[in-house]
Amino acid sequence: MAQQLSDFRPVHPRAASVRTMVVHATSRPYPGFARVTLRGTGDGFEEDFEPLGFDQWFRLFLPAPSGTLDLPVGGAEGWYSRLLAMEESHRPVVRNYTIRDARRAGHTWEVDVDFVIHRCVATGEVEGVAARWALQARPGDRVGVLDQGRIFNTEGHTGPVLVVADESGLPGVEAIARSLAGAPCDYVLEVPDAGDRRELPGAHPTWTVRTQGQSVGDSALEILRLRTLTPDTCVYVVGEAAFVLAARSLALAAGVPKSGVQFCAYWRVGRRAKRS
Ligand SMILES: Cc1cc2nc3c(=O)[nH]c(=O)nc-3n(C[C@H](O)[C@H](O)[C@H](O)COP(=O)(O)OP(=O)(O)OC[C@H]3O[C@@H](n4cnc5c(N)ncnc54)[C@H](O)[C@@H]3O)c2cc1C
């Protein structure tokens, strides 16, 4: 019998501390994304870090508005209290990002992080501390990282798997497809620009491109409404908050139990992330 979906829990890293990484390279792999490749700096990251694949994510600490990078150094426990205890002018900006890919680089690790370059609808200006930082990042720039493990976990599940995401989930979806190594999985993925679509290893995703005037997720939800979901499907949905909740509701209405839906609101229209 298939494992109870409620058994699926996030996978936490075995050890994690706030560590420093340095920008090694930058590129623009797709129109809507800036890629920043980070490398460990020999401050202990090498000993801590264990690539878990799938949608392994981390807290990213960016320089404070003053330009300085002071970090709430120490273990994962209590990092937020340590952050709040820092003087406001030196407190780093914290955002959440996913490891698109990780590889050995000499004595350390190298990770690719793909940032959505999101713009203000009214002015067309790039908005958000992280999106702007990624566009301006240069080799040698320093950041802080704190590994958080992964959310996607279908271990032991024998039923169908459906992955649903907007563009912010794509770096993780690429890593999920690579980690699944061709195991069956259905994907419904929405992007703002046809050029943001990409090959997913061993997968045949259904892509949909948002049209002008559509809200984030509308197009993916249209496709989902036409899908026949069986109650034994494990559904994973990430992206804009309202879209994620709507997709989750569709899955529940189709008879998937709450425990069968792994979901995470990655961002919210009109609201910047906390810990700015
Ligand atoms: C576990 C997890 C993993 C994530 N992984 C990634 C990842 O790999 N790549 C990635 O790009 N994002 C990822 N995100 C989402 C990312 O953390 C948010 O988009 C974050 O708000 C971006 O910070 P910012 O400083 O650029 O914008 P903010 O200062 O947080 O927001 C400024 C404005 O931009 C809007 N905004 C924020 N994000 C987006 C967006 N993606 N599209 C359109 N408008 C937006 C907000 O509504 C707000 O109005 C992840 C989130 C989580 C929780």
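Look up: the structure comes first, before these words.
Described in the following lines is the structure provided in the data block. (Residues numbered from 1 in each chain as written. Predicted model: local features only at pLDDT ≥ 70, side-chain atom pairs only at ≥ 80, totals over all residues.)

## Description of the sheet that holds strand β3 (residues 57-62)
Heads up, the condition is: Here, a strand pair is defined by DSSP locating no fewer than two bridges between the strands. Segments assigned H or I by DSSP are reported as helices when at least four residues long, segments assigned E as strands when at least two residues long, and all are numbered from the N terminus. Between N-to-C directions, angles cover 0 to 180 degrees, with each direction set by a line fitted to C-alpha atoms, over the stretch in contact for helices.
Strand order across the open sheet formed by 7 strands is β4-β3-β7-β1-β2-β6-β5, with antiparallel pairing between neighbours. The outermost strands of the open sheet, each flanked by one partner alone, are β4 (93-98) and β5 (101-105). Averaged over neighbouring strand pairs, the angle between their axes works out to 35 degrees when direction is ignored.

## Concerning the sheet that holds strand β12 (residues 261-267)
To keep things clear, this is the line we draw: Contacts here follow a simple rule: the backbone-placed C-beta atoms of the two residues must lie within 7 Å.
Judged by pairing direction, the sheet is parallel, and its 5 strands sit side by side in the order β10-β9-β8-β11-β12 without closing on themselves. The open sheet is flanked by β10 (206-209) and β12, the only strands paired with a single partner. The average undirected angle you get between the axes of adjacent strands in this sheet is 10 degrees. Contacts between helix α4 (residues 170-180) and the sheet are confined to β8 (161-165), β9 (186-191) and β11 (234-240), with β8 contributing the most and set at about 155 degrees to the helix. Where helix α5 (residues 218-226) meets the sheet, it contacts β8, β9 and β10, and its direction lies at approximately 155 degrees from that of β9.

## Quick notes on the site of the ligand
Short version of the rule: Any residue whose C-beta atom, as set from the backbone, lies within 6 Å of a molecule or strand is reported as near that molecule or strand. Think of it as three bins: nonpolar holds Ala, Val, Leu, Ile, Met, Phe, Trp, Tyr, Cys and Pro, charged holds Asp, Glu, Lys and Arg, and polar takes everything else, Gly as well. By convention here, the domain bounds are inherited from an automatic or database domain assignment.
By nearness alone, 26 residues border the ligand, and T98, V116, H118, G128 and R272 come closest of all. Of all the secondary structure elements, the ones that give two or more residues to the shell around the ligand are β4, β6 (108-116), α3 (129-136) and β12. A total of 4 residues in the shell around the ligand trace back to one element, the largest contributor, which is β4. Tallied by class, residues from the shell around the ligand come to 13 nonpolar, 7 polar and 6 charged. Each of domain 1 (19-149) and domain 2 (151-267) gives at least three residues to the shell around the ligand.

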